[in-house]
Amino acid sequence: MASRTVSRTLARAASSAARTSLATRVLGAAPRFAARASAASVSNFQQTRGIKTLDFGGSQEKVYERSDWPKEKLLDYFKNDTIAVLGYGPQGHGQGLNLRDNGLNVIVGVRKDGRSWKKAVAEGWVPGKNLFTIEEAADKGSIVFNLLSDAAQRDLWPTIKPFITPGKTLYFSHGFAITYKEQTKVEAPEGVDVVLCAPKGSGTTLRTLFLEGKGLNSSIAVFQDVSGKAHERVVGLGVAIGSGYLYETTFAKEVYSDLFGERGVLMGAINGLFRAQYDVLRAQGHSPSEAFNETVEEATQSLYPLIGAKGMDWMYANCSVTAQRGALDWHQKFYDASLPVFKDLYESVKNGTESQRALDKNSQPDYRESLEVELKEIRESEIWRAGETVRSLRPENNKK
């Protein structure tokens, strides 16, 4: 297979990629010298950069980085604010803990004595001090982070809205509620700044990378600027939650790209492609082990990390001639076959079909139970049962 002809080269590259992944994430494309930089020099380099305009594939875009918002500036800028984080799911958990660790005045608002309340208590939030009901937290906060699920934002908006009074800042990490306001009934209140900072990944990853001194990239947007300072405030908040770098978008573009990506290459499409290739190999007599290795394991463990580190062309260049030709000759066929599907998907996102489906599904009283049925079907399918065995055989998982 492709990677076998250069296994030693790829192993060295993977090790280099691990050391330089932060530089890659922060810049979008790693500078040539980054591959030779030590972890310390990458960290120092990152700390000396700030607002700048960079070339992204021929287009100029402004980005915002941590160096313009050192911790001392964050503490001074937000010294009179109380940040109320509503919801303690993945984003509420990750952003809330990162804000707390950065020294800001943060409180959490969740349903009293519910599962999230108990989780928050276990992670050091104290009832009556920095852990409150949703209504209490929304009332106390000068900056209100609405990090509830999309369905909960719709359902609880009548409860929250009275506390979003003039002079406050209403913060989202998803453009869903505002963009699809006909479905959610969430309207931007008068007299408040309405901003967005959307980490490009789960709140769990945001927290993990923060603890490692790294960060997820995030998009930022301003929907309503009453104070005249909404933009600088959301940049500061983006740094405070642990972002790597920040780039500008709109509420609508954020939710369109997010829903599109999740249903496409990030999750939905990749699952479909994995299944299709695995099924063809099995139908042609290949063993489950071989089919999984040639479909998933080599992709996730060898080739995809190299694409993330140095790009598609570099991965191609470091494969055998046979692999190069096959990939270059066939990629256009996959592009042509999938482009109409992606166009249909984007239209389904833009016209509100996907958002309505998500709201309807998430509102069903038995949603968690029905979700588990769907996940169980995936988990117990042959491809992923084979994958469980393959993963157990990785050297790092050998407990002997």
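Our subject is the structure that appears above.
Now for a description of the structure that goes with this document. (Residues numbered from 1 in each chain as written. Predicted model: local features only at pLDDT ≥ 70, side-chain atom pairs only at ≥ 80, totals over all residues. Heavy atoms only, no water.)

Side note on the overall build of the protein chain
Thinking step 1. A tally of helices and strands in the protein chain yields 19 helices and ten strands.
Thinking step 2. Every one of the 400 residues in the protein chain was classed for burial, and the buried ones make up 41%.
Thinking step 3. Here the analysis covers contacts within the protein chain between residues at least 6 apart in sequence; of these, 67% occur between residues at least 24 apart.
Thinking step 4. Carbon and sulfur atoms make up 54% of the accessible area of the protein chain, which totals about 21300 Å². (Helix = DSSP H or I, 4+ residues; strand = E, 2+ residues; numbered from the N terminus. Buried < 20%, exposed > 50% of the residue type's maximum accessible area, 1.4 Å probe, protein only. Contact = heavy atoms within 4.5 Å. Areas by Shrake-Rupley, 256 points an atom, 1.4 Å probe, with all protein chains shown as cover.)

With respect to the side chain of Asn 146
Thinking step 1. Within the secondary structure, Asn 146 is located in strand E6 (residues 143-146).
Thinking step 2. Residue Asn 146 is classed as buried on the basis of its relative accessible area of 2%.
Thinking step 3. If we skip the residues at most four places from it in the chain, Asn 146 touches Leu 86, Gln 153, Trp 157, Ile 160, Leu 170, Tyr 171 and Phe 172.

Section: the side chain of Ser 355
Thinking step 1. Relative to the helices and strands, Ser 355 is located in helix H17 (residues 353-363).
Thinking step 2. Of the polar contacts made by the side chain of Ser 355, one reaches the side chain of Gln 183; its length is 2.7 Å. (Polar contact = N/O pair within 3.5 Å; in protein donor to acceptor, adjacent residues only side chain to side chain.)

A look at the packing of helix H7 (residues 150-160) against H17
Thinking step 1. For the pair H7 and H17, the least separation of the axes is 9 Å and the interaxial angle reads 75°. Regarding the angle of H7 to H17, the classification is roughly perpendicular. Across the interface between the two elements, Asp 150, Ala 151 and Arg 154 from H7 touch Leu 359, Asn 362 and Ser 363 from H17. (Axes fitted to C-alpha atoms, helices over the stretch in contact; angles between N-to-C directions. Parallel < 35°, antiparallel > 145°, perpendicular 65-115°, else oblique.)

A few points about the sheet that holds strand E5 (residues 131-132)
Within a sheet, neighbouring strands are paired by backbone hydrogen bonds and run either parallel or antiparallel to one another.
Thinking step 1. Ordered in space as E1-E2-E10-E9-E8-E7-E6-E3-E4-E5, the ten strands form an open sheet in which the pairing is mixed. If you trace the sheet from one side to the other, it starts and ends with strand E1 (52-56) and E5, each paired once.
Thinking step 2. Relative to the sheet, H7 contacts strand E3 (83-86), E6 and strand E7 (169-172), its axis offset from that of E6 by approximately 155°. (Pairing = 2+ DSSP bridges.)

Side note on the environment of Val 106
Thinking step 1. Tracing the chain through its elements places Val 106 in strand E4 (residues 106-109).
Thinking step 2. What makes Val 106 buried here is its relative accessible area of 5%.
Thinking step 3. Spatially, the C-alpha atom of Val 106 lies 7.0 Å from that of Gly 96, the residues being ten residues apart in sequence.
Thinking step 4. Contact partners of Val 106, with chain neighbours within four places excluded, come to Ile 83, Val 85, Gly 96, Leu 99, Arg 100, Trp 125 and Asn 130.

Here's the deal with unusual backbone geometry
Thinking step 1. We note that Asp 113 has phi near 70°; this positive angle belongs to a residue other than glycine.
Thinking step 2. Considering the arrangement of structural elements, one finds Asp 113 in the loop between E4 and helix H5 (115-122).
Thinking step 3. For Asp 113, a relative accessible area of 51% puts it in the exposed group.
Thinking step 4. At Lys 185, a residue that is not glycine, the phi angle is positive and equals roughly 65°.
Thinking step 5. Within the secondary structure, Lys 185 is located in the loop between helix H9 (181-184) and strand E8 (193-199).

What about the nonpolar core?
Thinking step 1. Counting residues in hydrophobic clusters, the biggest one holds 32 residues, and the most contacted among them are Ile 83, Val 85, Leu 99, Leu 104, Trp 125, Phe 145 and Tyr 171.
Thinking step 2. Listed by contribution, the elements that provide at least two residues to this core are E3, helix H4 (90-101), E4, H5, E6, E8 and helix H11 (230-240).
Thinking step 3. Counting residues per element, this core draws most heavily on H11, at six residues.
Thinking step 4. Not counting residues up to four positions away in its chain, the partners in contact with Leu 104 are Leu 74, Leu 75, Phe 78, Ile 83, Leu 99 and Ala 240.
Thinking step 5. Core analysis: the next-biggest nonpolar cluster, separate from the first, contains 23 residues, Ala 84, Ile 107, Ile 134 and Val 192 among them. (Core = buried A, V, L, I, M, F, W, Y, C linked by side-chain atoms within 4.5 Å.)

Details of the packing of aromatic side chains
Thinking step 1. The final tally for this structure, using the stated rule, is 17 aromatic pairs.
Thinking step 2. Arranged with centres 6.3 Å apart and planes meeting at 65°, the rings of Phe 274 and Trp 384 form a pair that is edge-to-face. In this pair, Phe 274 sits in helix H13 (residues 268-283) while Trp 384 sits in helix H19 (residues 382-392), placing the two residues 110 residues apart along the sequence.
Thinking step 3. Ring pairing ties together the aromatic residues Phe 176, Tyr 180, Tyr 256, Phe 260, Phe 342 and Tyr 346, which thus form one cluster.
Thinking step 4. The residue whose ring lies beneath Arg 100 is Trp 125, and the NZ or CZ to ring-centre distance is 4.4 Å.
Thinking step 5. When the ring centre of Phe 132 is taken as origin, the NZ or CZ atom of Lys 140, which lies over that ring, is 5.0 Å away. (Phe/Tyr/Trp six-rings, centres within 6.5 Å; stacked < 30°, edge-to-face > 60°. Lys NZ or Arg CZ within 6 Å of the ring centre and 35° of its normal.)

Remarks on the pattern of salt bridges
Thinking step 1. What the rule picks out here adds up to 14 salt bridges.
Thinking step 2. With a closest N to O distance of 2.8 Å, Asp 101 and Arg 207 form a salt bridge. Taken together, the residues span a long stretch of sequence, with Asp 101 in helix H4 and Arg 207 in helix H10 (residues 203-211) at a distance of 106 residues.
Thinking step 3. Residue Asp 101 is classed as partly exposed on the basis of its relative accessible area of 34%.
Thinking step 4. Arg 207 gets classed as buried once you look at its relative accessible area, which sits at 13%. (Salt bridge = Lys/Arg side-chain N within 4 Å of Asp/Glu carboxyl O.)

Focus on the packing of helix H14 (residues 288-310) against H19
Thinking step 1. Two elements in contact, H14 and H19, have axes whose closest approach is 9 Å; the angle formed by their N-to-C orientations is 85°. Of the possible angle classes, the one that applies to H14 and H19 is roughly perpendicular. Two secondary-structure elements touch here, H14 through Pro 288, Phe 292, Asn 293, Val 296 and Glu 297 and H19 through Glu 382, Ile 383, Trp 384, Ala 386, Gly 387, Val 390 and Arg 391.
Thinking step 2. For the contact of H14 with H19, a count of residues per class yields seven nonpolar, two polar and three charged. (Nonpolar A, V, L, I, M, F, W, Y, C, P; charged D, E, K, R; others polar.)

Focus: H4
Thinking step 1. Between its first and last C-alpha atoms H4 spans 17 Å; for twelve residues at 1.5 Å apiece the expected length is 16 Å, and the two agree.
Thinking step 2. What H4 keeps buried is the set Gln 91, Gly 92, His 93, Gly 94, Gln 95, Gly 96, Leu 97, Asn 98 and Leu 99. (Expected span 1.5 Å × (residues − 1).)

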